[in-house]
Amino acid sequence: MKRLLAAALSLLAAAQCSGQALKSGFEHLRNQRLDDAAKVFSKALAKGTESLAASYGMGCIVSNPSYQNYNAAKGFRLLRNANDRFQASSPKTKQVCRDVYGFGFYQVRAAMIKAADIEWQNVSSKNTAEYYQWFIETFDGADSLVHMAICRKAELGKADMSLFPMLKHVADVLDNGKDAHMPWDAFTFDNTLSCAATVI
C-alpha cells in the first residue's frame, strides 16, 4: 500500500513539475524568448507530457519567421495536432489550457491560419501548380487559403473546379454575391444503372 501511495505521489509531483515548466515556456513565448520557450516545449513533447499545450507552444515558435529554425509546414502540423487534440479534450483540459496556459480554441485556429498565411505569401509569389499542390496537401485545415490555392491551380489550367463544387459555390456566394441557392445537382450523380448492370 505504501508503494502504491508513493507511486501516486510521484506521478502527481511529476505532473505539477511538467505544468510549471510549460507555464514558464508560455511566459518565454509571450516575451519573445523563442529559444528558451523551444527548449521547454521540446522537452515536454519528447516526454509525451501535456502534448496539447506543448504542440501549440512549439507550433507557434516553429511557424514564427524570426525563429532560427523556422519551418512553416512543421509549425502548421504541430498546430493542427494541437487543434485536433483541443477539440477532442475534456472540458477540464480546455479550462486548464485557457486558465493556466492562456490559450483556447480560437487562439489555436488563429495560429494555424497565421502559419499558413505566411507560407501562402511565398507560394503565391512563385505561382506554379506544383507549389500550389504542395500548399494544398501541407496546409489542409487552413480552408480559405487552400481554396485560393485550388483556384490559382485552376487559373493555371492544372485543376478542374467542377471537382470542387462546394468550394466553387461558397466562393460564388461570398466573393461574387450570387444567390445562396444550393446547386444540389453538382453534388450528386446517378450511377444506379451501371451498378445494376455490374450486379447482373
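Just so we're clear, the structure is a prediction, and the values are computed from it rather than from any experiment. (Residues numbered from 1 in each chain as written. Predicted model: local features only at pLDDT ≥ 70, side-chain atom pairs only at ≥ 80, totals over all residues. Heavy atoms only, no water.)

**Comments concerning the packing of aromatic side chains**
To describe a pair of aromatic rings, one takes the distance between the centres and the angle between the planes.
Line of reasoning, step 1. Counted according to the given criterion, the structure contains 12 aromatic pairs.
Line of reasoning, step 2. Pairing Phe86 with Phe103 gives two aromatic rings, centres 6.4 Å apart and planes at 50°, and the pair type is tilted. With Phe86 in helix 4 (residues 72–88) and Phe103 in the loop between helix 5 (91–101) and helix 6 (105–126), this pair connects stretches of sequence that are 17 residues apart. For the pair formed by Phe86 and Phe103, the shared burial category is buried. (Phe/Tyr/Trp six-rings, centres within 6.5 Å; stacked < 30°, edge-to-face > 60°. Helix = DSSP H or I, 4+ residues; strand = E, 2+ residues; numbered from the N terminus. Buried < 20%, exposed > 50% of the residue type's maximum accessible area, 1.4 Å probe, protein only.)

**Here we look at the pattern of salt bridges**
Line of reasoning, step 1. By the definition in use, this model includes 3 salt bridges.
Line of reasoning, step 2. With a shortest N-O distance of 3.4 Å, Arg30 and Glu27 are connected by a salt bridge. Taken together, the positions of Arg30 and Glu27, both in helix 1 (residues 2–30) and 3 residues apart, correspond to about one turn of that helix.
Line of reasoning, step 3. Looking at Glu27, the relative accessible area reads 38%, which means it is partly exposed.
Line of reasoning, step 4. The residue Asp140 makes a salt bridge to Arg80 at a minimum N-O spacing of 3.9 Å. Taken as a pair, Asp140 in the loop between helix 7 (129–138) and helix 8 (143–155) and Arg80 in helix 4 lie far apart in primary sequence, 60 residues in all. (Salt bridge = Lys/Arg side-chain N within 4 Å of Asp/Glu carboxyl O.)

**A look at the confidence of the model for the protein chain**
Line of reasoning, step 1. The pLDDT averaged across the protein chain works out to 79; a share of 77% of its residues lies at or above 70.
Line of reasoning, step 2. The model gives residues 4–17 a pLDDT under 50, and that stretch makes 0 contacts with residues more than four places away or in other chains.
Line of reasoning, step 3. pLDDT under 50 marks residues 193–200. Its contacts with residues more than four places away, or in other chains, come to 0 contacts. (pLDDT = per-residue confidence, 0-100. Contact = heavy atoms within 4.5 Å.)

**Looking at the packing of helix 2 (residues 34–47) against helix 3 (residues 51–62)**
Line of reasoning, step 1. Viewed as axis vectors pointing N to C, helix 2 and helix 3 meet at an angle of 145°, and their least axial separation amounts to 9 Å. The chirality of how helix 2 crosses helix 3 is left-handed. Residue-level inspection shows Leu34, Ala37, Ala38, Phe41, Ser42, Ala44 and Leu45 of helix 2 in contact with helix 3, the latter providing Ser51, Ala53, Ala54, Ser55, Gly57, Met58 and Ile61.
Line of reasoning, step 2. Along the lines of polarity and charge, the residues of the contact of helix 2 with helix 3 split into 10 nonpolar, 4 polar and no charged. (Axes fitted to C-alpha atoms, helices over the stretch in contact; angles between N-to-C directions. Left-handed = near helix turned anticlockwise from the far one by under 90°. Nonpolar A, V, L, I, M, F, W, Y, C, P; charged D, E, K, R; others polar.)

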